[in-house]
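Tertiary structure, described
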Amino acid sequence: MSIIGLEIEGHYLNIVEMKESGGELTLVRYATVHIPENIRDDMESMSLFIKNFVAEKRIDSKETATFVSGQNVFIKFLSLPQMPDSDLKKTLWWEAERSAPFSLHDAFLDYHILKEVTFEDGARKVDVLVAAALGDVVERHVELLKHAGLNPSVVTAKPVAVAAAARNARACKTGGSTVVIDIGSTITTLVILKNGRVSFIREIRIGDSDLTNAISRGLSIDEMQAEILKRRHGCALQEEEARLLAIAVRKELDHMKDGISFWEDIRDEVTGNIKT
């Protein structure tokens, strides 16, 4: 059985094909393509573009996992007293509604229990990851893929997808902390796992295109040249070029470091009173 992973993010369409065998997923092929400016907001043109790209890459599977991200998605960690599932669902909804940037009445909401914890005073709680996405955004996304001849069987929030992929990686099963940084076209997803469990997720509103623009401004070159230099990433022919490249993207990289520093600041507070 094979499945497609499909992402539309910024100016790019990204596709992977995975094959499952013996409980393991194997990467069969992957491809990315720039989306023409004049078709991005047209359902018919975009669906035809996706259909043709899938055919061009000789991907036969129709089963598709996809996700939404950015301002259309809300992610929150909650720590709540243990309670029956029916009560937990209601409590999660009200707790998330208080801080979500959009009404959950118009959204799809799901949750995943990360772990159960017992504090030193005997209190028992559950750590829960809650994800919500605007309903009309999800529905438009599903409709687009169906028009392209695909079957969107899985739709999730991008940070959750990145976290799930990271959690299943071999390096994350050996203990300790693992930081995963997924740099998209316009958004960077930061996921931190502790002993294979998700402990922190953050989306940072900078991405690949911001790095290109920063290099273009910092080195006073056009964006095409900046893109080429970025792809070489420190492998510039001249040492001075490499030094200037590092300076040009420093501000963007500092934003990513801030996300990791924030997790380090709250880590002890979150985990310090939990019995192991």
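Residues numbered from 1 in each chain as written. Predicted model: local features only at pLDDT ≥ 70, side-chain atom pairs only at ≥ 80, totals over all residues. Heavy atoms only, no water.

In this structure, V68, F74, L80, L92, F102, L104 and V130 are the most contacted members of the largest nonpolar core, which totals 23 residues. No other element matches strand β7 (residues 124–134), which puts seven residues into this core. Excluding residues that lie within four positions of it along the chain, F74 makes contacts with A96, S99, A100, P101, F102, V130, A131 and A132. (Core = buried A, V, L, I, M, F, W, Y, C linked by side-chain atoms within 4.5 Å. Buried < 20%, exposed > 50% of the residue type's maximum accessible area, 1.4 Å probe, protein only. Helix = DSSP H or I, 4+ residues; strand = E, 2+ residues; numbered from the N terminus. Contact = heavy atoms within 4.5 Å.)

Spatially, three strands are ordered β5-β7-β6 in an open sheet, and the strand pairing comes out antiparallel. Bordering the open sheet on either side are β5 (73–81) and β6 (107–118), each of which pairs with just one other strand. In this sheet, neighbouring strand axes are inclined to one another by 20 degrees on average, regardless of whether the strands run parallel or antiparallel. Inspection of the sheet shows β6 paired to β7 by 11 bridges, in the antiparallel sense. Bridge assignment links K115 to a residue of β7, and that residue is D127. (Pairing = 2+ DSSP bridges. Axes fitted to C-alpha atoms, helices over the stretch in contact; angles between N-to-C directions.)

Sheets are built from strands paired through backbone hydrogen bonds, the pairs being either parallel or antiparallel. Judged by pairing direction, the sheet is mixed, and its five strands sit side by side in the order β3-β2-β1-β4-β8 without closing on themselves. Both edges of this open sheet fall to β3 (24–34) and β8 (151–157), since each of them pairs with a single strand only. Neighbouring strand axes in the sheet, compared pairwise and without regard to direction, differ in orientation by 20 degrees on average. Alignment of strand β1 (residues 2–9) against strand β2 (residues 12–21), held across eight bridges, turns out to be antiparallel. Counted as the bridge partner of E7 is N14 from β2. Of the strands in this sheet, β1, β4 (63–68) and β8 touch helix α3 (residues 135–147), which is tilted by about 150 degrees from β4.

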